[in-house]
Amino acid sequence: MPADQANITLGTAGHIDHGKTQLIRCLTGCETDRLKEEKERGMSIDLGFAPCTIADAEVGIVDVPGHENFIKTMVAGASGMDGVILVVAADDGVMPQTREHLDILTLLGVRHGIVALTKIDRVEPDLLELVQADVNGFLDGTFLEGAPILPVSNVTGDGFGPFYEALKVLVRSITPRRVDGVFRVPVDRSFSAKGYGTVVAGIPVSGSARVGDEVVLLPQEIGGRIKALQVYGRDADRALAGQCAALNVREWDHRAIQRGHTVTVPGYFSPQEWCVCKLRLLGGDKQSLANGTRVRFHTGTSEMTARIYLFQTDRLAAGDESLVQIRLDQPLLAGPGDPFIVRSLSPVHTIGGGTIIETIPRRLKRNRPEVVRDLTERAQAVATETALVEYCVKTTEGLAVPQADLSQRAKVPRDRLGDILEALIRQEKIIELASGLYVHDETLRDAGERVVNVVSDYHRTSPDSPGMTFEDLLASCDIAKAVLQPLAKRLAEDGRLVERHRRLALPEHRETIGQQGGGLLDAIEALFRERPFHPPDLQEVIEHTQADQEHVERTLKILLEHERLVRVEGGLMFHRDAVDRARQALIDYVHKEGKLESVKFKYLIDTTRKFAIPLLDHFDRTGLTRRVNNTRYLKS
Ligand SMILES: Nc1nc2c(ncn2[C@@H]2O[C@H](COP(=O)(O)OP(=O)(O)OP(=O)(O)O)[C@@H](O)[C@H]2O)c(=O)[nH]1
Ligand SMILES: [Mg+2]
């Protein structure tokens, strides 16, 4: 019975000709040098993949080439590794690519591994001890410090027992990758298989996929469906992050797919030309990095030229770490926390690497402390999904963010996002404002303060008004309606605002109606009371009161705001009591007669058509009546 397929991938690393491929051949029986040229030249050129049963589980092994010209390939292979077998030939010792490969693995975040000291059949025992001590010293201070060094001969088989035991321990020490993220595979290679069509192979960096799932090829943005899949060369229903997988997608043309492309699920990723990264320069060769330096940028299986821009400094010293922004010469597809490597253009060697914080469509301003502050916060947030989701809610452009946007920005699948949001809501870090709309507690508090300040300012400048209408508030606060509505409601619930006459006010606000120009106000109100259904217009009010127009207009505004007067259709104003009486008359009539012919209304309230019709229109608009031609019915 085949062993369980674990989602763990190991890989080789080390200098050219040190015996990596032969070691994997001895271990697995697989020939990973498949190309004719590899066989002829006796050296690996491309990545080789072999399944291997270790500690009752089937894991994947990636064999990388050691030649310095193929570092690009090695990086692509290393980006899928959970643990490494660093191969050092006993007769050669630590060589340049031993160092460079270890640097690359370190920068890519690989943290587990063992060392195979090969070709022991070629050295005397006392020399072997020396080499062993030498390798030990070389590992000091690296993630392989203290890792077992296993002497083996791929020719005689000596040392294979202990080597295999060490591999078991290595595999058991690795926590398999999480598989609940958004499915994404940096493409390693693509080919056509007889009877199947296009097959795309690679190691998914996150998530899982099943036969039948919809996928998309990027950057081409071509959709397709997984028709069949294989894991470690065997048919399977599901492929997990960390497994060597091959997906059969018939909709795609294998000739148009290359290493560096990406297979993912639709709706999350879009290629971008900029990214913000945390970059650490290697310390060894003491090379600093100038702002604007052109480099070769590697992430996943992709590789492209790029330019590095520093924030707030012109040079980054060797061994230092800093936030940088990088302009890619080709659109890049990457997720938060993805590791990357940078290499100098000439001479070509690895100079640093780190993690990608976010891909972005345009460059950020260089000398803005607030930009760096924000990025520093984001860089920390990338460490966990929950922190990243919280950060994305906090920094969303429109104060509050819908779930779909959040899922896309944080690259968290919808179903997982629900759990994360619930946890954040329980911790009172975020709030669900309206259904599916989330806001960060701090943002909501700031926005609340802003609203209260705007209302307070309004009271200062319009002391005689009972408060602000929602529309005025919307126009003065620069907060989207979808956010302001629930926010105002919350502020009212919390007692920070009160609603009076359909206006929002501070609870302590007492409008100064009647105190300023109280006489005029009373006079005007009295005039409207006296003439309930033949109310005066502006000119008549001015003539009657002998006050100046500005004064009269302001007073009318106050009376309207306090709803002592009601403005109906056509700009006519009535006293509130008149409108109430007209409403009652209308209701009584329709209750009796079933309907009202519009022309009859003027008799009911003893007025003229000029006043009757706008009142009727007002009752239609405010939902009391329904008009059919020239007849009014009560709305049920
Ligand atoms: N004597 C001896 N020869 C070995 C041993 N391991 C590998 N070799 C030989 O060393 C040569 C290189 O071995 P490979 O396994 O191709 O080396 P590699 O590290 O994969 O090389 P690249 O992929 O090109 O970096 C071959 O001729 C092997 O037969 C060993 O343990 N003892
Ligand atoms: Mg090889």
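All residue numbers refer to position in the chain's written sequence, counted from 1. Both sets of labels track the order of writing: A upward for chains, 1 upward for ligands. In view of the model being predicted, local features appear only for residues whose pLDDT reaches at least 70, and side-chain atom pairs are presented and counted only at 80 or more, with totals across whole chains, interfaces and linings using the full set of residues. With hydrogens and water set aside, each side-chain value is computed from the structure's full complement of heavy atoms.

### Things to note about the overall build of the protein chain
When its secondary structure is counted, the protein chain shows 19 helices and 34 strands. Relative to the 2.2 N^0.38 estimate, which gives 26 Å for 636 residues, the radius of gyration of the protein chain is 37 Å and therefore markedly larger than a compact globule would have. Taking the principal axes of its C-alpha atoms as reference, the protein chain extends roughly 120 × 55 × 40 Å. Long-range pairs, those at least 24 residues apart, make up 67% of the contacts in the protein chain between residues at least 6 apart in sequence. Accessible surface area values rest on a Shrake-Rupley calculation with a 1.4 Å probe, where residue burial reflects the displayed protein chains alone. Counting only carbon and sulfur atoms, one obtains 47% of the accessible surface of the protein chain, whose full area is about 29,500 Å². A helix here means a DSSP run of H or I that spans at least four residues, while a strand means a run of E at least two residues long, and both kinds are numbered starting from the N terminus. C-alpha atoms define the radius of gyration, and 2.2 Å times the number of residues to the power 0.38 defines the globule rule. Any pair of residues with heavy atoms lying within 4.5 Å of one another is described as a contacting pair.

### Focus on the packing of aromatic side chains
Stacked, edge-to-face and tilted are the three classes for Phe, Tyr and Trp ring pairs, Trp counted by its six-membered ring, which pair at centre distances within 6.5 Å; planes under 30 degrees apart are stacked, over 60 edge-to-face, the rest tilted. Under the counting rule described, the total for this entry stands at four aromatic pairs. Ring geometry for Phe160 against Phe163: centres 5.5 Å apart, planes inclined by 70°, an arrangement best described as edge-to-face. Residue Phe160 and its partner Phe163 are both found in helix H6 (residues 160-173); the two are separated by three residues, about one turn of the helix. Each residue is placed in one exposure class: buried if its accessible area under a 1.4 Å probe, protein chains only, is under 20% of its type's maximum, exposed if it is over 50%, and partly exposed if it falls in between. By relative accessible area, Phe160 is classed as buried at 16%. Among the residues examined, Phe163 registers a relative accessible area of 0% and is labelled buried. Measuring from centroid to centroid gives 6.2 Å for Phe574 and Phe611, while their planes differ by 85°, and the two rings are edge-to-face. Of this pair, Phe574 sits in strand E31 (residues 573-575) while Phe611 sits in helix H19 (residues 609-621); the two residues are 37 residues apart in sequence, bridging distant segments of the chain. Note that Arg363 overlies the ring of Tyr309, its terminal NZ or CZ placed 4.5 Å from the centroid. The ring of Phe269 carries the charged tip of Lys411 above its face, separated from the ring centre by 4.8 Å. Charge over a ring is defined by NZ of Lys or CZ of Arg lying within 6 Å of the ring centre and within 35 degrees of the ring normal.

### Structural notes on the coordination of the magnesium ion (ligand 2)
Between any two of four tetrahedral donors, the ideal angle at the metal is 109.5 degrees; between two of six octahedral donors, it is 90 or 180 degrees. Distances define the donors: N, O and S atoms within 2.8 Å of the metal qualify, as do those within 3.2 Å of Na, K or Ca. Water is excluded, so some sites may look unfinished. Surrounding the magnesium ion (ligand 2) are the protein donor atoms Thr21 (OG1) and Ser44 (OG), at 1.9 Å. Here Thr21, found in helix H1 (residues 20-28), pairs with Ser44, found in the loop between helix H2 (36-41) and strand E2 (48-54); they are 23 residues apart in sequence, far enough to count as distant. When its relative accessible area of 10% is taken as the criterion, Thr21 is described as buried.

### Quick notes on the sheet that holds strand E11 (residues 222-225)
Think of it this way: DSSP has to see at least two bridges between two strands before they count as a pair. A sheet is described by the order of its strands in space; here eight strands give the open sequence E11-E10-E16-E7-E8-E15-E12-E13, paired in antiparallel fashion. Because the sheet does not close on itself, it has two edges, and the strands there are E11 and strand E13 (234-236). Neighbour to neighbour, the strand axes of the sheet diverge by 35° on average, direction disregarded. With four bridges connecting them, strand E10 (residues 214-218) and E11 associate as antiparallel partners. Counted as the bridge partner of Leu217 is Ile222 from E11. Note on definitions: angles span 0 to 180 degrees between N-to-C directions of axes, and those axes are lines fitted to C-alpha atoms, for helices only across the stretch in contact.

### Observations regarding the site of ligand 1
In the vicinity of ligand 1 there are 19 residues, among which Thr21, Gln22, Ser44, Asp121 and Asn154 approach most closely. Gly19 has a polar backbone atom sitting 3.0 Å from an oxygen atom of ligand 1. Think of a polar contact as two N or O atoms within 3.5 Å of one another; within protein, one of them needs to be a possible hydrogen donor and the other a possible acceptor, and neighboring residues in sequence only count if both atoms come from side chains. Asp121 places a side-chain nitrogen or oxygen 2.8 Å from a nitrogen atom of ligand 1. Expressed as a share of its isolated accessible area of 650 Å², the protein-covered part of ligand 1 is 84%. The nearness test applies per residue and asks whether one of its heavy atoms lies within 4 Å of the molecule or strand.

### Considering the side chain of Lys20
Along the chain, the position of Lys20 falls in helix H1. For the charge count, each Lys or Arg is scored as positive and each Asp or Glu as negative, with His and the chain ends excluded. Any carboxyl oxygen of Asp or Glu that lies within 4 Å of a side-chain nitrogen of Lys or Arg is treated as forming a salt bridge with it. Although buried, Lys20 forms no salt bridge, and the nearest oppositely charged side chain, Asp63, lies 6.1 Å from it. Among the polar contacts listed, one links the side chain of Lys20 to the backbone oxygen of His15, at a separation of 2.8 Å. Excluding its chain neighbours within four sequence positions, the residues that come into contact with Lys20 are Thr12, Ala13, Gly14, His15, Asp63, Val64, Pro65, Gly66 and Val87.

### Quick notes on the sheet that holds strand E26 (residues 430-434)
Within a beta sheet, neighbouring strands are joined by backbone hydrogen bonds and run either parallel or antiparallel to one another. With respect to topology, three strands assemble into an open sheet ordered E25-E27-E26, the strand pairing being antiparallel. The open sheet has two free edges, formed respectively by strand E25 (400-402) and E26, since each of these has just one partner strand. Neighbour-to-neighbour, the strand axes of the sheet open up by a mean angle of 35°, direction not taken into account. Of the strand pairs in this sheet, E26 and strand E27 (residues 437-440) are connected by four bridges, and their pairing is antiparallel. Bridging from a neighbouring strand, Glu432 pairs with Tyr438 of E27. Running over the sheet, helix H8 (residues 385-394) touches E25, E26 and E27 and is turned about 90° from E27. Running at roughly 90° to E25, helix H9 (residues 403-410) makes contact with E25 and E27 of the sheet.

### Considering the domain arrangement of the protein chain
For the protein chain, the domain assignment lists domain 1 (4-173), domain 2 (184-264), domain 3 (272-376) and domain 4 (518-634). Taking only C-alpha atoms, the centre of domain 1 and the centre of domain 4 are 91 Å apart. Segmentation of the chain into domains, including their bounds, is taken from an automatic or database domain assignment.

### A look at helix H4 (residues 96-107)
Over its 12 residues, H4 extends 17 Å from the first C-alpha to the last, a length consistent with the 16 Å expected when each residue adds 1.5 Å. Here H4 has its buried residues at Gln97, Thr98, Glu100, His101, Leu102, Ile104, Leu105 and Leu107. Count one or two residues on from H4 and you reach Gly109, which has phi positive near 90°. To estimate how far a helix should reach, multiply one less than its number of residues by 1.5 Å.

### Focus: the pairing of strand E33 (residues 625-628)
As paired elements, E33 and strand E34 (residues 631-634) share four bridges and run antiparallel to each other. From the neighbouring strand, Thr625 faces E34, where its bridge partner is Leu634.

### Structural notes on the pairing of strand E3 (residues 57-63)
Side-chain direction in a regular strand flips from residue to residue, so the side chains alternate between the two faces of the sheet. Across the seven residues that make up E3, a large majority, seven, are buried. Burial along E3 is two-sided: the residues Ala57, Val59, Ile61 and Asp63 and Glu58, Gly60 and Val62 are all buried. Two elements, strand E1 (residues 4-13) and E3, share five bridges in a ladder whose sense is parallel. Looking at E3, one finds that Gly11 is bridged to Val62.

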